[in-house]
Amino acid sequence: MGRKLLLDKAHIEGIRYYDTYRSNGGYAAAEKALKTMGPDAVLEEVKKSGLRGRGGAGFPTGLKWSFIAKPEGVPRYLVCNADESEPGTFKDRYLMEFIPHLLIEGLIISSFALGANSAYIYIRGEYAWIPDILEQAIAEAKNKGWLGKNILGTGFDLEIYVQRGAGAYICGEETALIESLEGKRGNPRIKPPFPAVKGLWQCPTVVNNVETLAAVVPIINIGGDEYIKYGTGKSTGTKLISACGNINKPGVYEIEMNISVEEFIYSDEYCGGIKNNKRLKACIPGGSSVPVLPANLLLKTAKGETRMMTYESLADGGFATGSMLGSGGFIVMDEDQCIVRNTLTFARFYHHESCGQCSPCREGTGWMEKVLKNIEYGKGKMSDIDLLWDIQRKIEGNTICPLGDAAAWPVAAAIRHFRDEFEWHVAHPQEALTRNFGLAHYADPLPAPVAAV
Amino acid sequence: MAEVQFSEEKLNKVKEIIARYPAGKQKSALIPVLHLAQEAFGGWLSAETMDYVAALLQLEPIEVYEVATFYSMFNLKPVGTYLFEVCQTGPCMVSGADQIIDYIKNKLGIGVGETTADGLFTLKTVECLGACGYAPMMQLGKHYREHLTPAKVDEIIAECRSKANAN
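Residues numbered from 1 in each chain as written. Chains lettered and ligands numbered in written order. Predicted model: local features only at pLDDT ≥ 70, side-chain atom pairs only at ≥ 80, totals over all residues. Heavy atoms only, no water.

An unreviewed UniProt entry annotates chain B as NADH dehydrogenase subunit E originating from Chitinophaga polysaccharea. According to its UniProt record, chain B has this under Sequence similarities (unreviewed entry): "Belongs to the complex I 24 kDa subunit family." (UniProt positions renumbered as here; feature names shortened; annotations may be inferred.)

An unreviewed UniProt entry lists chain A under the name NADH-quinone oxidoreductase subunit F, with Chitinophaga polysaccharea given as the organism. Recorded in UniProt under Catalytic activity (unreviewed entry), the annotation for chain A is "a quinone + NADH + 5 H(+)(in) = a quinol + NAD(+) + 4 H(+)(out)".

The following block contains the structure:
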């Protein structure tokens, strides 16, 4: 069994409530940080731990914190990004729903390190029942003296507020999130200035993902040096993976970043293999924005090495033959799935979610959706495939925020690895309406399971 | 339609929300207050409702319109009592969302974006709601309905009908 740091106590009955959380070692890290460490020591510990942002970008958290400006007399803010909208990703929901005090404790320690006296949890509007859970946890924590004025007699004040969004993927981008929190449309800001200098209400702000803030708790408890031992290389600690698609056991798993992709998909501890004894065709390992990989490149790198569930290994080979760990939204597709149709749903998603500020993204996402629709519904031309390639290249890197890249990459990777499937759709428009292309040469190198008689 | 006016209880809630932000930053309360307004005034935001929210938060009406039109959860035209918001993005699609959407269409005799003649049900397709592991799924009011099957959809429709009859 893999060791856990975040979900180790998630199954204890009543862990959602303060008393159970506390009696199982909860708030020990907050106590340690506030009473014995001081802000700088907390920052050092987080830096030492190698913790990387768990929202998808993987930027070192300690480094991000160290950028925060500290002008005299200007308030600083910590914002928790609970917008979780990347298709395939549903891990933060699990943390907030079942072990909310872990996030609250993480917010207390992190706000203390940053010198922030107000923290906001910006949660996607559709998670409409979760703010009640969080607000109850906040009220419990405040009642017990972990929030409010002069916490534990240290002179540190903190209030935490929950703010609901209202349906916009773009608000997961940190400057769009800040705009939304200010009561505006979620249009990303031009950077610089970065939020660390001018963020919420033009004050220094750090925006961190739910899982990132939760991970600060075990880091303070066990120390950065110990945290590094869970994982490999620059992928330190544990990562929550939300697994979905055609697998036997979809759900949220905490992994030590030292297991192979093959183990993650096929072992009973995690996904439990492909559903209905089908074979693995493709997988999007880190949320819909990252490149899709065919089975053969997913399980082994182009060099023939075992692909691991780490930032480095999943990215091995760059975009030519690799992908990214991203947000940990692990989408598995079996032999019956159609890559063209899947790519179409993502193109439609990004078109729907483009904020409309930058023309390459606003126009390009709609254009890609239209072309993909034609191919999927038997009206495609061979030249459409090159056209798609051309459009995605002209979006990538030409927008204010990374949504443009996120829209371009899935289309690019689908064509890169599954071009023959696109060509088959164009060449056999009638047949493509009635059946899917199947596995072709992407077959997983594992022996096909024998169907039960 | 009744006059657009929050109850005393809701007005207190608005005050409580505004108090979360520094003085003068009450614009930040806009999205939470629009949620309250949509709940209180029939599940959608009319121009009157938006103007009321603008006055309440001391904003220009256009500041409210531009926000209300940006976010997909705000309905700008009337919807049925029960709004079925079915996810259709990749992970739900590979788990059979298309069939569920077709089933609901047939069962209710409406297309996507339409409302049944009795005003009870509206069907809407939405993009990823973060329940990919429990697909196919839909949002109904404040909660998610997950692992949908045709039988489960039937149950949900029956449940809504009996609730509507009870009211």
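Participant: Help me understand the overall build of chain A, please; the structure alone is not making it clear to me.
Facilitator: When its secondary structure is counted, chain A shows 19 helices and 11 strands. Its C-alpha atoms give chain A a radius of gyration of 23 Å, near enough to 22 Å, the size a compact globule of 453 residues would have. Looking at the 453 residues of chain A, the share that counts as buried comes to 62%. Once local pairs closer than 6 in sequence are excluded, the contacts in chain A between residues at least 24 apart make up 71%. On chain A, roughly 16,200 Å² of surface is accessible, and the fraction owed to carbon and sulfur atoms is 52%. (Helix = DSSP H or I, 4+ residues; strand = E, 2+ residues; numbered from the N terminus. Rg over C-alpha atoms; globule rule 2.2 N^0.38 Å. Buried < 20%, exposed > 50% of the residue type's maximum accessible area, 1.4 Å probe, protein only. Contact = heavy atoms within 4.5 Å. Areas by Shrake-Rupley, 256 points an atom, 1.4 Å probe, with all protein chains shown as cover.)

Participant: Hey, could you run me through the sheet that holds strand S10 (residues 293-294) of chain A in this one?
Facilitator: Through backbone hydrogen bonds, the strands of a sheet pair up, either in parallel or in antiparallel fashion. Residue and element names in this part refer to chain A. Strand order in the open sheet made by the five strands is S8-S7-S11-S9-S10, with mixed pairing throughout. Here the strands that pair on one side only, and so sit at the sheet edges, are strand S8 (251-256) and S10. Bridge count for strand S7 (residues 238-245) against S8 is six bridges, and the pairing is antiparallel. Bridging from a neighbouring strand, Lys239 pairs with Ile255 of S8. (Pairing = 2+ DSSP bridges.)

Participant: Could you clarify how one ought to interpret the interface of chain A and chain B in this entry?
Facilitator: The accessible area lost on association of the parts is a frequent measure of interface size. Counting from both sides, the interface comprises 55 residues of chain A and, opposite them, 40 residues of chain B. Carbon and sulfur atoms make up 57% of the area that chain A and chain B hide from each other, which totals about 3,800 Å². Among the residues chain A hides against chain B, the three largest losses belong to Ala166, Arg185 and Trp201 of chain A. Together they make up 16% of the total. At the boundary of chain A with chain B, the tally comes to five salt bridges. Among the ionic pairs, Arg20 of chain B bridges to Glu135 of chain A, the shortest N-O distance being 3.7 Å. Counting the contacts that link chain A with chain B gives 26 residue pairs in polar contact (both at pLDDT 80 or more). Contributions of two or more residues to the side of chain A that touches chain B are made by strand S2 (118-123), helix H7 (130-143), strand S3 (159-164), helix H8 (174-181), S7, strand S11 (329-334) and helix H15 (339-353) of chain A. For the side of chain A that touches chain B, the leading source of residues is H15 of chain A, giving eight residues. Here the residues of the side of chain A that touches chain B sort into 25 nonpolar, 17 polar and 13 charged. (Buried area = accessible area lost by both parts, 1.4 Å probe. Salt bridge = Lys/Arg side-chain N within 4 Å of Asp/Glu carboxyl O. Polar contact = N/O pair within 3.5 Å; in protein donor to acceptor, adjacent residues only side chain to side chain. Nonpolar A, V, L, I, M, F, W, Y, C, P; charged D, E, K, R; others polar.)

Participant: Looking at this structure, I do not really get the domain arrangement of chain A. What am I missing?
Facilitator: All names here are of chain A. Per the domain assignment, the segments of chain A are domain 1 (18-229), domain 2 (232-334) and domain 3 (339-434). Summarising the inter-unit geometry, the C-alpha centres of domain 2 and domain 3 are found 23 Å apart. Between domain 2 and domain 3, the contact holds 16 residues from the first and 13 residues from the second. Counting each side, the surface lost to burial between domain 2 and domain 3 is near 1,200 Å², with a carbon and sulfur contribution of 69%. (Domains from an automatic or database assignment.)

Participant: Looking at this structure, I do not really get helix H5 (residues 91-98) of chain A. What am I missing?
Facilitator: Every α-helical turn comprises 3.6 residues, leaving residues that sit three or four positions apart pointing alike. Of all eight residues in H5 of chain A, seven are buried, a share of seventy percent or more. Buried residues of H5 of chain A: Lys91, Asp92, Arg93, Tyr94, Leu95, Met96 and Glu97 of chain A, and no others.

Participant: Help me understand the packing of aromatic side chains, please; the structure alone is not making it clear to me.
Facilitator: Both the distance between ring centres and the angle between the ring planes are used here to describe each pair of aromatic rings. This structure, assessed with the given rule, holds 32 aromatic pairs over all chains. On the numbers, 5.4 Å between centres and 55° between planes, the contact of Trp424 of chain A with Phe437 of chain A is tilted. With Trp424 of chain A in helix H18 (residues 403-427) and Phe437 of chain A in the segment after helix H19 (429-434), the pair connects residues that are 13 residues apart, well separated along the chain. According to the relative accessible area criterion, Phe437 of chain A is buried, its value standing at 18%. Aromatic ring contacts, followed pair by pair, group Tyr77, Tyr120, Tyr161 and Trp201 of chain A together with Tyr21 of chain B into a single cluster. The lysine or arginine in question, Arg3 of chain A, covers the ring of Tyr230 of chain A, its NZ or CZ lying 4.0 Å from the ring centre. The lysine or arginine in question, Arg52 of chain A, covers the ring of Tyr311 of chain A, its NZ or CZ lying 4.1 Å from the ring centre. (Phe/Tyr/Trp six-rings, centres within 6.5 Å; stacked < 30°, edge-to-face > 60°. Lys NZ or Arg CZ within 6 Å of the ring centre and 35° of its normal.)

Participant: Help me understand the nonpolar core in this model?
Facilitator: Buried together is how nonpolar side chains tend to be arranged in soluble globular proteins. With 161 residues, the main nonpolar core has Ile104, Ile121 and Phe422 of chain A together with Tyr71 of chain B as its most contacted residues. For this core, the element with the most residues is H18 of chain A, which contributes 10 residues. When neighbours within four sequence positions are excluded, Phe422 of chain A is seen to be in contact with Ile339, Val340, Thr343, Leu372, Ile375, Ile385, Leu388, Ala414 and Ile415 of chain A. Within the second largest apolar cluster, 26 residues are counted, among which are Ile255, Met257, Cys271 and Leu314 of chain A. (Core = buried A, V, L, I, M, F, W, Y, C linked by side-chain atoms within 4.5 Å.)

Participant: What is the right way to look at the domain arrangement of chain B in this model?
Facilitator: You can read the domains of chain B as domain 1 (8-70) and domain 2 (82-166). The distance between the C-alpha centroids of domain 1 of chain B and domain 2 of chain B comes to 29 Å.

Participant: For this particular structure, what's the right way to read the environment of Lys77 of chain B?
Facilitator: Secondary-structure assignment places Lys77 of chain B in the loop between helix H4 (61-68) and strand S1 (82-87). Look at Lys77 of chain B and you get exposed, because its relative accessible area is 56%.

Participant: How should I be thinking about the UniProt feature "binding site: [2Fe-2S] cluster" (unreviewed entry) in chain B in this particular structure?
Facilitator: Residue and element names in this part refer to chain B. The sites that carry the UniProt feature "binding site: [2Fe-2S] cluster" (unreviewed entry) are, in the present numbering, Cys87, Cys92, Cys128 and Cys132. Of the residues just listed, which span 46 residues, no C-alpha pair is farther apart than 9.2 Å, and they cluster in one region. Among the structural elements, Cys87 can be located in strand S1. For Cys87, the residues in contact, after removing those within four places along its chain, are Cys92, Ala97, Val126, Glu127, Cys128, Leu129 and Met137. By the secondary structure assignment, Cys92 is in helix H5 (residues 90-94). Among the residues examined, Cys92 registers a relative accessible area of 2% and is labelled buried. Those residues in contact with Cys92 that sit more than four places away from it in its chain are Cys87, Ala97, Ala135, Pro136 and Met137.

Participant: Looking at this structure, I do not really get the packing of helix H16 (residues 359-376) of chain A against H18 of chain A. What am I missing?
Facilitator: For any two helices packed against each other, the geometry is given by the interaxial angle and the distance between the axes. Residue and element names in this part refer to chain A. Orientation of H16 relative to H18, taken along the N-to-C sense of each, is 20°, at an axis distance of 12 Å. Taken as axis vectors, H16 and H18 run roughly parallel relative to one another. The crossing of H16 and H18 is left-handed. Counting all contacts with H16, which are made through Cys361, Thr365, Met368, Leu372, Ile375 and Glu376, the residues of H18 involved are Leu403, Gly404, Ala407, Val411, Phe422, His425 and Val426. (Axes fitted to C-alpha atoms, helices over the stretch in contact; angles between N-to-C directions. Parallel < 35°, antiparallel > 145°, perpendicular 65-115°, else oblique. Left-handed = near helix turned anticlockwise from the far one by under 90°.)

Participant: Explanation requested: unusual backbone geometry in the structure shown.
Facilitator: Note: most residues except glycine have negative phi, and most peptide bonds are trans. All names here are of chain A. The amide bond that connects Lys191 to the next residue, Pro192, takes the cis arrangement and shows omega of -5°. By the secondary structure assignment, Pro192 is in the loop between H8 and strand S4 (205-209). Cis geometry is found at the peptide bond from Pro192 to Pro193, where omega equals 5°. Mapped onto the secondary structure, Pro193 falls in the loop between H8 and S4. For Tyr27, which is not a glycine, the phi torsion comes out positive at approximately 70°. The class of Tyr27 is buried, set by a relative accessible area of 0%. Of note, the phi angle at Gln202 is positive, near 65°, even though the residue is not glycine. Of note, Gln202 is situated in the loop between H8 and S4.

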